[in-house]
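Coordinates in review
Listed below are the residues making up each chain.
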Amino acid sequence: MGYKLHCATKYDVKYSHGDFNHKSEEFHELLDALKVDYSGEQYDSEFEVFRKDWQEAIDKLKNLNSLPQDDQEDIMWVVKKMQYTLEHIIDCMEYLLEESDPENDFLHLSYF
């Protein structure tokens, strides 16, 4: 299992730095709580997420209070488990979106 989450800035294997270090399992749990589809399985160190789904996840985090109570609780349970603030997670996800290859409809993410 990898240690630090990276996002492919170009699909020709140039990676940005990321955050969520040593949080691969927790990050997948966050995506699940946000109901984001991604390629592969929960414990894969490489996976892809469609850009529109990634943006929708960011929007859900920004507007958490507008979600049903059960969804809010599920998301905040994972946020607490990740040991980051909600704002930090949003900032990191926005950074990864900005750094990802704009020519692709998806973000290619890797832990290594």
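Computed from a predicted model, the values in this text were never measured in an experiment. (Residues numbered from 1 in each chain as written. Predicted model: local features only at pLDDT ≥ 70, side-chain atom pairs only at ≥ 80, totals over all residues. Heavy atoms only, no water.)

Overview of the overall build of the protein chain
Across its full length, the protein chain holds four helices and four strands. Listing the helices and strands of the protein chain from first to last along the sequence gives β-β-α-β-α-α-α-β. Taken over C-alpha atoms, the radius of gyration comes to 13 Å for the protein chain, in line with the 13 Å a tight globule of 112 residues would show. For the protein chain, the C-alpha atoms occupy an extent of roughly 40 × 25 × 25 Å along the three principal directions. (Helix = DSSP H or I, 4+ residues; strand = E, 2+ residues; numbered from the N terminus. Rg over C-alpha atoms; globule rule 2.2 N^0.38 Å.)

Let's talk about the environment of Val36
Of note, Val36 is situated in the loop between α1 (24–33) and β3 (46–50). With a relative accessible area of 7%, Val36 lands in the buried category. When the C-alpha positions of Val36 and Val49 are compared, they lie 7.7 Å apart, and in sequence the two are 13 residues distant. Discounting residues that sit within four places of it in the chain, Val36 has contacts with Leu31, Val49, Asp53 and Ala57. (Buried < 20%, exposed > 50% of the residue type's maximum accessible area, 1.4 Å probe, protein only. Contact = heavy atoms within 4.5 Å.)

Quick look at the side chain of Lys23
Along the chain, the position of Lys23 falls in the loop between β2 (14–15) and α1. Buried Lys23, no salt bridge; nearest opposite-charge side chain is Glu26, N-O distance 4.9 Å. Side-chain polar atoms of Lys23 contact the backbone oxygen of Met82, separated by 3.2 Å. Among all residues touching Lys23, those that are not within four sequence positions of it are Tyr3, Lys81, Met82, Gln83, Tyr84 and Tyr111. (Lys, Arg positive; Asp, Glu negative; His and termini not counted. Salt bridge = Lys/Arg side-chain N within 4 Å of Asp/Glu carboxyl O. Polar contact = N/O pair within 3.5 Å; in protein donor to acceptor, adjacent residues only side chain to side chain.)

Focus: the pairing of strand β4 (residues 106–111)
Where burial is concerned, most of β4 is hidden: five out of the six residues are buried. Pairing geometry for β3 and β4, over five bridges, is antiparallel. Bridging from a neighbouring strand, Glu46 pairs with Ser110 of β4. (Pairing = 2+ DSSP bridges.)

Some remarks on the environment of Ala57
Structurally, Ala57 can be placed in helix α2 (residues 51–62). Here Ala57 falls in the buried class, since its relative accessible area comes to 1%. Sequence-wise, Ala57 and Leu30 are 27 residues apart; in three dimensions their C-alpha atoms are separated by 9.5 Å. Residues within four places of Ala57 in sequence aside, it is in contact with Leu34, Val36 and Met93.

Section: the pattern of salt bridges
By the definition in use, this model includes four salt bridges. Notably, a salt bridge pairs Lys35 with Asp71, separated by 2.9 Å at the nearest N-O pair. With Lys35 in the loop between α1 and β3 and Asp71 in helix α3 (residues 69–82), this pair connects stretches of sequence that are 36 residues apart. The exposed category is assigned to Lys35, whose relative accessible area is 54%. Where Asp53 meets Lys52, a salt bridge forms, and the shortest distance between an N and an O atom there is 3.0 Å. For Lys52, a relative accessible area of 54% gives the class exposed.

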